[in-house]
Amino acid sequence: MARPSTTSTSARAVPSARRSALPGRLSSGMACDTAFRIIARRHFDAVLAQHDGTCRGDPDALHQIRIALTHLRTAIRFFSPMVDDTLRPQVWAELKWLNSQLGMVRDLDVAIERVVAESADELAVIAELQHWDEKRAESHRLLARALQSSRFRRLVEQTSAWIESGPWSTRRSKEAIRWRRTSLANHATARLTVWEKTLLKKARKLSKLDVEKRHKLRLLNKRMTYSVESLSDLFADGAAAKQKSILKQLRKAQKSLGQLNDDARGRVLAASLDRAGPEAGIRFLDRKREKKLLRTASAAYRKLDKARPFRSSDLAPNAEPED
């Protein structure tokens, strides 16, 4: 039997969504409703493109589908309240459900990589890895079932239709029309400014944050990073250099916070393993490593704090949308 194409799910979803023609790139003067559709389509299509690979158990496909899904959810947040209509809570809940299905397997993949990388005693690690692999196999079976379920198919249909023509796109109130017609540059500048301010304010207390609050900071960092990445079409010349500099610091902080979060998740997962022994959790508890990661993240935030905030002039003011 031939292996299914990685785009088969995407291909089935497109006709029912009745997609309208859109420019191939973003531009600063573009209306927010058009910009949202372009960005959301890109990331949702990326989710669907990795569907079959994830079902087959490909760890890279799983990683990429999670990134694309987080990008999509960030885009929805970025264009709130424009898209905050009656269907958004349902769409959001289903995307959150999908993220939770993907998250367990990805957390196990990361934990297993850590076990393999840090194990010097091959005989000991073989016994421990058996427990990890059993849990990973069980979690992947549940994930594959979810991705092939009628619930997932409904998610695809509903999300595609909502992006294209949800109630947000036709509301006739003055405020709704104003949100849709606002230029992308003006909205993006205001949004990035607020998010950056919030991120840096919380980051100043990084050393005092517990695991849960540190996780929330990581999510704020990711939201900022993915938003700047999604707007890459708008940055040109000197602004492109500024974008790269800001992304460099955001990614440094993101990597460190991500590793800290992986350690916390690893301890939780280790505790859930049957017969793995107490050493399974100890492996993810390293105070020296924790301090080093916190220092790296703090240094990145200090450099980010010194950078000038985004201005509307950074977002390629003379760019025009392509046909």
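Residues numbered from 1 in each chain as written. Predicted model: local features only at pLDDT ≥ 70, side-chain atom pairs only at ≥ 80, totals over all residues. Heavy atoms only, no water.

Time to look at the pattern of salt bridges. A full pass over the atoms with the stated rule returns 13 salt bridges. With a closest N to O distance of 2.7 Å, Glu 229 and Arg 251 form a salt bridge. Taken together, the residues Glu 229 in helix H10 (residues 211-230) and Arg 251 in helix H11 (residues 238-272) connect sequence positions 22 residues apart. With a closest N to O distance of 2.8 Å, Arg 289 and Asp 263 form a salt bridge. You can see Arg 289 sitting in helix H13 (residues 287-306) and its partner Asp 263 sitting in helix H11, a full 26 residues away along the chain. Look at Asp 263 and you get buried, because its relative accessible area is 6%. (Salt bridge = Lys/Arg side-chain N within 4 Å of Asp/Glu carboxyl O. Helix = DSSP H or I, 4+ residues; strand = E, 2+ residues; numbered from the N terminus. Buried < 20%, exposed > 50% of the residue type's maximum accessible area, 1.4 Å probe, protein only.)

Moving on, we get to the confidence of the model for the protein. Scored by pLDDT, the protein comes out at a mean of 85, with 82% of its residues at no less than 70. Overall, residues 1-17 carries pLDDT values under 50, and its contacts beyond four positions in sequence, including any with other chains, amount to 28 contacts. Between residues 318-323, whose pLDDT stays under 50, and residues either more than four places distant or in other chains, the model counts nine contacts. (pLDDT = per-residue confidence, 0-100. Contact = heavy atoms within 4.5 Å.)

Relative to the elements of secondary structure, Gln 249 occurs in helix H11. For Gln 249, the contacting residues outside a window of four places in its chain are Ala 300, Lys 303 and Leu 304.

On to the packing of aromatic side chains, then. For the structure on display, the rule yields five aromatic pairs. Summarising the aromatic geometry, the rings of Phe 36 and Trp 168 are spaced 5.3 Å apart at their centres and angled 90° between planes, so their arrangement reads as edge-to-face. Of this pair, Phe 36 sits in helix H2 (residues 32-49) while Trp 168 sits in the loop between helix H7 (150-165) and helix H8 (174-181); the two residues are 132 residues apart in sequence, bridging distant segments of the chain. For the pair Phe 36 and Trp 168, a shared accessibility class is recorded, and that class is buried. Both rings, one in Phe 78 and one in Phe 79, keep their centres 5.2 Å apart while their planes meet at 80°; by these two values the pair is edge-to-face. Taken as a pair, Phe 78 and Phe 79 share a single burial class, namely buried. (Phe/Tyr/Trp six-rings, centres within 6.5 Å; stacked < 30°, edge-to-face > 60°.)

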